[in-house]
Amino acid sequence: MQGENVAAEVRPTHRLVDAEFLASQRFTIAVKPGFAADKLVFLLGVDSLTQAAGALGDDLDPTQGMYWAWQSGYINFKLEGKTPRCPARNNAFQFHLGGFVAPDASGQRVEIALEAGQKDIVIAFAVDQFLGLVDLQETYEVMRPCAKAVELSKAAAGLFILAK
Amino acid sequence: MNWKKSSLVLLAFAALLCCGTVAPLMERPAYFPTPIYDFKSNPLTPEKVELGRMLFYDPVLSLDNTISCASCHSPYNAFSHTDHDLSHGIGDAIGTRNAPALFNLAWQPRFMWDGAIHHLDMQALAPISHPKEMGEDVGHVVEKLQAKAPYRHLFWAAFGDSVVTGQHVLQSLSQFQLTLVSCHSKYDSVRVRQAQFTAQETKGYALFKKNCNSCHREPLFSTYAFANNGLPVDTTLFDFGRMKVTQSPQDSLLFKIPSLRNLAFTFPYMHDGRFKKLNQVLNHYTSGITHSPSLSRELKTPIVLSTTDKTDLIAFLLTLSDKAFVFDPKHQHPKK
């Protein structure tokens with residue numbers, strides 16, 4: 001974030017946002033006096049420095065289900081579900097997007113422009129548009145660092161929008 | 001809570017004064033390179049090491065509470081798995097590789113035969129979750145530990161928090177494993193000029209330096225890099241090693257170079273335990289190399305060893321056996 005004035009930071013810095021737990025979807029950010037933020041910036045995923053660090057706690061604790069046991073690395077984004085179109089067992093699709101080593105580094109920077117002096121910021125993620133990126137009859141299991149994970153992560157980053 | 005902490009500190013300080021110098025938790029010989037492990041993120045304490053030891057020997061880490069880390073990493077075998085070519089886990093499920101020996105871990109950049117794990121703290125997650133090893137889920141391990149009062153006390157003593165977390169389980173396991181340092185073999189005594197090699201061992205050492213040192217570099221006896229040492233792929237396993245992790249064809253049949261320390265205790269040899277005897281290993285290097293594009297550069301020209309050479313070389317390799325390490329009570333099963 002060089003060249004930018006950071007008005008406020010969320011602490012702790014790494015958060016697991018879980019659709020199942022409302023509390024995980026809410027953040028209170030205290031802005032420095034005299035500052036009015038014009039954009040919200042976050043990394044969708046865990047940065048490579050943190051990935052290379054040892055066992056971490058709170059939202060980064062491996063018990064949260066976002067760490068690959070068989071090969072080091074965090075899962076940046078997880079989406080699972082079912083649809084009759086999907087030929088997998090139990091019609092289940094699983095998108096576990098991760099990878100932090102080039103060329104499969106899938107972490108994405110997301111920038112959302114804010115309205116001047118906005119206090120209540122609601123960010124929406126367009127799940128339907130994400131699922132529309134693939135044909136679930138063909139692509140329904142992405143569970144390791146790969147080009148597809150990077151492609152889907154890039155697209156996912158663009159699906160965070162400011163809700164009115 | 002401040003008064004409790006300060007009185008504990010005073011007691012510890014007084015104890016140190018009475019007992020004289022305290023042995024370091026982890027030895028660091030002067031001739032070893034700088035450790036890679038970031039101790040700042042997880043500084044060693046006796047309580048965390050002890051908690052790690054309890055966890056290492058506790059089958060509670062497995063789904064059916066039958067398999068502990070020590071089941072495959074046995075202290076009497078320099079923390080390797082002998083007598084089996086492929087290690088086995090819960091319900092006698094047989095895996096695809098031979099469990100490697102555990103020692104000098106602070107000097108290793110990557111873990112597992114294919115280097116899938118890049119930090120010691122995270123390694124335990126792999127066997128804990130593998131269906132043919134411990135078959136568990138680390139979240140469930142945490143729940144099981146939380147339900148046991150003795151563990152709640154141990155976690156409180158180590159971390160000042162009786163709430164068990166995945167992070168604390170992993171950090172304490174790391175700490176115990178970091179204390180497993182092997183540096184008291186005959187080779188080490190010779191290195192610090194407290195012993196001398198026999199004539200045969202001296203010949204073997206010269207052969208070692210000529211033929212093996214580039215990959216099995218002293219004093220760790222490995223560069224811990226990845227290499228294809230000419231083993232033909234086992235067609236019942238089709239294990240291509242590092243390629244599985246990097247997806248790069250150049251990494252086909254590359255495996256992590258193991259240390260040659262403690263070979264007397266760690267048979268069978270290679271990632272799939274295919275060689276039971278050191279003679280078989282040496283015969284592989286002199287006449288069994290299978291050529292492929294990724295074959296290690298050092299092995300492209302054959303290694304030449306006469307029968308006497310092989311005997312001398314094995315004599316030298318046996319000087320790497322560290323009985324003090326293998327029989328150290330601090331590394332064994334906790335008595336309580």
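Refer to the preceding data block for the structure.
Quick caveat, the model's predicted, so the values are computed rather than measured.

1. What about the packing of helix H2 (residues 46-56) of chain B against helix H7 (residues 149-159) of chain B?
All names here are of chain B.
Step number 1: H7 packs onto H2 with a crossing angle of 150° between their chain directions and a minimal axis gap of 8 Å. Taken together, the axes of H2 and H7 are roughly antiparallel relative to one another. The hand of the H2/H7 crossing is left-handed. Residue-level inspection shows Glu47, Lys48, Leu51, Met54 and Leu55 of H2 in contact with H7, the latter providing Tyr151, Leu154, Phe155, Ala157, Ala158 and Phe159.
Step number 2: In terms of residue class, the contact of H2 with H7 is built from nine nonpolar, no polar and two charged.

2. Overview of the packing of helix H10 (residues 199-211) of chain B against helix H13 (residues 307-317) of chain B
Residue and element names in this part refer to chain B.
Step number 1: In contact at an axis separation of 7 Å, H10 and H13 are set at 95° when each is read in the N-to-C sense. Taken as axis vectors, H10 and H13 run roughly perpendicular relative to one another. Between H10 and H13, the residues in contact are Gln200, Glu201, Lys203, Gly204, Tyr205, Leu207 and Phe208 and Asp309, Thr311, Asp312, Leu313, Ala315 and Phe316, respectively.
Step number 2: By residue class, the composition of the contact of H10 with H13 is six nonpolar, three polar and four charged.

3. Quick word on the interface of chain B and chain A
Step number 1: With 19 residues of chain B at the contact, the number on the chain A side is 17 residues.
Step number 2: Between chain B and chain A, roughly 1400 Å² of surface is buried when both sides are summed, and carbon and sulfur atoms account for 60% of that area.
Step number 3: Contact with chain A buries surface across chain B, with His118, Met122 and Gln167 of chain B losing the most and accounting together for 38% of the total.
Step number 4: Our count for the chain B to chain A interface comes out at zero salt bridges.
Step number 5: Applying the counting criterion to the chain B and chain A interface returns eleven residue pairs in polar contact (both at pLDDT 80 or more).
Step number 6: Elements that contribute at least two residues to the side of chain B that touches chain A include exactly helix H4 (120-123), helix H5 (125-129), helix H6 (138-146) and helix H8 (166-178) of chain B.
Step number 7: With four residues, the single largest contributor to the side of chain B that touches chain A is H8 of chain B.
Step number 8: Here the residues of the side of chain B that touches chain A sort into nine nonpolar, nine polar and one charged.

4. What about the pattern of salt bridges?
Step number 1: This structure, assessed with the given rule, holds 16 salt bridges over all chains.
Step number 2: Salt-bridge contacts for Lys40 of chain B lead to Asp38 of chain B; the nearest nitrogen and oxygen are separated by 3.9 Å.
Step number 3: Look at Lys40 of chain B and you get exposed, because its relative accessible area is 76%.
Step number 4: Between Asp328 of chain B and Lys330 of chain B there is a salt bridge, with its nearest N and O atoms 3.3 Å apart.
Step number 5: For Asp328 of chain B, a relative accessible area of 16% gives the class buried.
Step number 6: In this structure Lys330 of chain B comes out as exposed when scored by relative accessible area, which is 57%.
Step number 7: Here the salt bridges do not stand alone but share partners, grouping Lys39, Arg109 and Glu111 of chain A into one network.

5. Observations regarding a nonpolar patch on the surface
Step number 1: A cluster of nonpolar side chains, Val17, Phe27, Ile29, Val31 and Phe35 of chain A, forms an exposed patch at the surface whose accessible area comes to about 390 Å².
Step number 2: Relative to the helices and strands, Val31 of chain A resides in the segment before strand S1 (39-44).

6. A word on the environment of Leu162 of chain A
Residue and element names in this part refer to chain A.
Step number 1: Summarising the element assignment, Leu162 is placed in strand S7 (residues 160-162).
Step number 2: A relative accessible area of 19% means that Leu162 is categorised as buried.
Step number 3: The residues contacting Leu162, other than those within four sequence positions of it, are Ile112, Ala113, Leu114, Gln118, Ile121, Val122 and Ile123.

7. Overview of the packing of aromatic side chains
The geometry of an aromatic ring pair comes down to the distance between the two centres and the angle between the two planes.
All names here are of chain A.
Step number 1: Per the counting criterion, the structure on display carries 29 aromatic pairs over all chains.
Step number 2: Arranged with centres 5.1 Å apart and planes meeting at 45°, the rings of Phe77 and Phe130 form a pair that is tilted. One end of the pair, Phe77, is in strand S2 (residues 75-82); the other, Phe130, is in helix H2 (residues 127-131), with 53 residues separating them in the sequence.
Step number 3: Of the residues examined, Phe77 reaches a relative accessible area of 11% and is grouped as buried.
Step number 4: Accessibility expressed as a relative area gives 1% for Phe130, which makes it buried.

8. Focus: the environment of Trp70 of chain A
Step number 1: By the element assignment, Trp70 of chain A lies in the loop between helix H1 (48-52) and S2.
Step number 2: Classification of Trp70 of chain A by relative accessible area gives partly exposed; the value is 40%.
Step number 3: Ignoring sequence-local partners within four residues, the contact set of Trp70 of chain A consists of Met143, Arg144 and Pro145 of chain A together with Ala116, Ile117 and Ala126 of chain B.

9. Considerations on the sheet that holds strand S6 (residues 141-142) of chain A
All names here are of chain A.
Step number 1: Strand order in the open sheet formed by three strands is S2-S3-S6, with mixed pairing between adjacent strands. With partners counted over all chains shown, the strands left at the sheet margins are S2 and S6, one partner each.
Step number 2: Sheet topology note: the S2/strand S3 (residues 92-98) ladder contains seven bridges and is antiparallel. Bridge pairing in S3 links Glu80 to Gln94.
Step number 3: Across the sheet, helix H3 (residues 147-157) is in contact with S3 and S6; its angle to S3 comes to roughly 90°.

10. Quick look at unusual backbone geometry
Step number 1: Following Arg11 of chain A, the chain continues into Pro12 of chain A via a peptide bond in cis, with omega recorded as -5°.
Step number 2: Here Pro12 of chain A is to be found in the segment before S1.
Step number 3: A cis amide bond, omega 0°, links Ala102 of chain A with the succeeding residue Pro103 of chain A.
Step number 4: Secondary-structure assignment places Pro103 of chain A in the loop between S3 and strand S4 (108-113).
Step number 5: Residues other than glycine seldom take positive phi values, yet Phe79 of chain B does so here, at roughly 65°.
Step number 6: Looking at Phe79 of chain B, the relative accessible area reads 0%, which means it is buried.
Step number 7: A positive phi angle is found at Tyr224 of chain B, which is not glycine, with a value near 60°.
Step number 8: Its place among the elements puts Tyr224 of chain B in the loop between H10 and strand S1 (226-227).
Step number 9: Of the residues examined, Tyr224 of chain B reaches a relative accessible area of 5% and is grouped as buried.

11. Re the environment of Gly52 of chain B
All names here are of chain B.
Step number 1: Here Gly52 is to be found in helix H2.
Step number 2: With a relative accessible area of 0%, Gly52 lands in the buried category.
Step number 3: As for Gly52 and Gln175, which are separated by 123 residues in sequence, their C-alpha atoms are 6.3 Å apart.
Step number 4: When sequence neighbours within four positions are dropped, the list of residues in contact with Gly52 reads Ser172, Leu173 and Phe176.

What counts and what doesn't
- Residues numbered from 1 in each chain as written.
- Chains lettered and ligands numbered in written order.
- Predicted model: local features only at pLDDT ≥ 70, side-chain atom pairs only at ≥ 80, totals over all residues.
- Heavy atoms only, no water.
- Axes fitted to C-alpha atoms, helices over the stretch in contact; angles between N-to-C directions.
- Helix = DSSP H or I, 4+ residues; strand = E, 2+ residues; numbered from the N terminus.
- Parallel < 35°, antiparallel > 145°, perpendicular 65-115°, else oblique.
- Left-handed = near helix turned anticlockwise from the far one by under 90°.
- Contact = heavy atoms within 4.5 Å.
- Nonpolar A, V, L, I, M, F, W, Y, C, P; charged D, E, K, R; others polar.
- Buried area = accessible area lost by both parts, 1.4 Å probe.
- Salt bridge = Lys/Arg side-chain N within 4 Å of Asp/Glu carboxyl O.
- Polar contact = N/O pair within 3.5 Å; in protein donor to acceptor, adjacent residues only side chain to side chain.
- Buried < 20%, exposed > 50% of the residue type's maximum accessible area, 1.4 Å probe, protein only.
- Patch = residues over 30% accessible without salt bridge, like charges linked within 9 Å, V, L, I, M, F, W, Y side chains within 5 Å.
- Areas by Shrake-Rupley, 256 points an atom, 1.4 Å probe, with all protein chains shown as cover.
- Phe/Tyr/Trp six-rings, centres within 6.5 Å; stacked < 30°, edge-to-face > 60°.
- Pairing = 2+ DSSP bridges.

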